[in-house]
Structure formats: structure tokens, C-alpha cells
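# Remarks on the overall topology
One letter stands for each residue in the lines below.
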Amino acid sequence: MNKSDRIINNINATMSMEDMPLLKEDKERLRECLEGKVSYEDAINKLIKQYAHKQVN
């Protein structure tokens, strides 16, 4: 198991304790950040943009 997988598994275990396991998309996003393919700032901005446009009723 490489370092990225170990980090993702640890995050998933912590989130699972709170009944919020990571989705496949979450794991992929984390892996891209950990491997330097995407900056953390870009990933965060993309999430903000994605969810800022959703209407809550």
C-alpha cells in the first residue's frame, strides 16, 4: 500500500466513525491532491463552485 492509499484509508476510517464514509469521488479527489495532479486550493474551489449553485428548499 502506498502513502496516498494509507492516508485515504485513514481519512475514510475517521469519517466512517462519524457515519460519513468517503464516496468514490471523494477518494479520487483526495488521491489527485496527494499525488500533486490537482492543488488543494483548486479542488476546494471546484467543490465550492459545484455546491454554491444548488438551491436548498
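Below is a summary of the structure that appears in this document. A quick note: this is a predicted structure, and the numbers were derived from the prediction, not measured. Once a new chain begins, its residue numbering starts again from 1 and follows that chain's sequence as written. Only residues with pLDDT of at least 70 get local features here, since the model is predicted, and only at 80 or more are side-chain atom pairs given and counted; chain-wide, interface and lining totals rely on the full set of residues. To obtain the side-chain values, all non-hydrogen atoms of the structure were used and water was disregarded.

For salt bridges, the criterion is a side-chain nitrogen of Lys or Arg within 4 Å of an Asp or Glu carboxyl oxygen. Across all of its chains, the model carries three salt bridges by this definition. A salt bridge links Arg-31 to Asp-5, with the shortest nitrogen-to-oxygen separation between them at 2.4 Å. Here Arg-31, found in helix α2 (residues 24-34), pairs with Asp-5, found in helix α1 (residues 3-17); they are 26 residues apart in sequence, far enough to count as distant. With relative accessibility at 28%, the residue Arg-31 sits in the partly exposed group. To sort residues, take the accessible area from a 1.4 Å probe on protein chains only and compare it with the maximum for the residue type: under 20% means buried, over 50% means exposed, and anything in between is partly exposed. Since its relative accessible area comes to 23%, Asp-5 is described here as partly exposed. For Arg-29, the salt bridge identified is with Asp-26, shortest N-O distance 2.8 Å. Comment: elements are numbered from the N terminus, with helices defined as DSSP H or I runs of at least four residues and strands as E runs of at least two.

Of note, the phi angle at Asp-19 is positive, near 60 degrees, even though the residue is not glycine. Mapping Asp-19 onto the fold places it in the loop between α1 and α2.

Structurally, Ile-7 is set in helix α1. Judged by relative accessible area, Ile-7 falls into the partly exposed class, the value being 28%. In sequence terms Ile-7 and Leu-34 are 27 residues apart; their C-alpha atoms lie 8.8 Å from each other.

Take the layout of surface pockets next. Throughout, the protein atoms alone are placed on a 1 Å grid, and a set of points is a cavity if a 1.4 Å probe fits but cannot get out or a pocket if it is open with protein on both sides within 12 Å along at least five of seven lines; lining residues have an atom within 4 Å of a point. Grid points are joined across faces, edges and corners, and a volume is the space filled by probe spheres set on the points. Considering only enclosed or pocket space, the largest pocket measures out at about 160 Å³ in volume. Surrounding the largest pocket, Glu-25, Glu-28, Arg-29, Glu-32, Cys-33, Val-38, Asp-42, Ala-43, Lys-46, Leu-47 and Gln-50 form its lining. Mapped by element, the contributors of at least two residues to the lining of the largest pocket are α2 and α3 (40-52). Its residues assigned to classes, the lining of the largest pocket comprises four nonpolar, one polar and six charged. Following the grouping adopted for this structure description, the nonpolar residues are Ala, Val, Leu, Ile, Met, Phe, Trp, Tyr, Cys and Pro, the charged ones are Asp, Glu, Lys and Arg, and the polar ones are all others, Gly among them.

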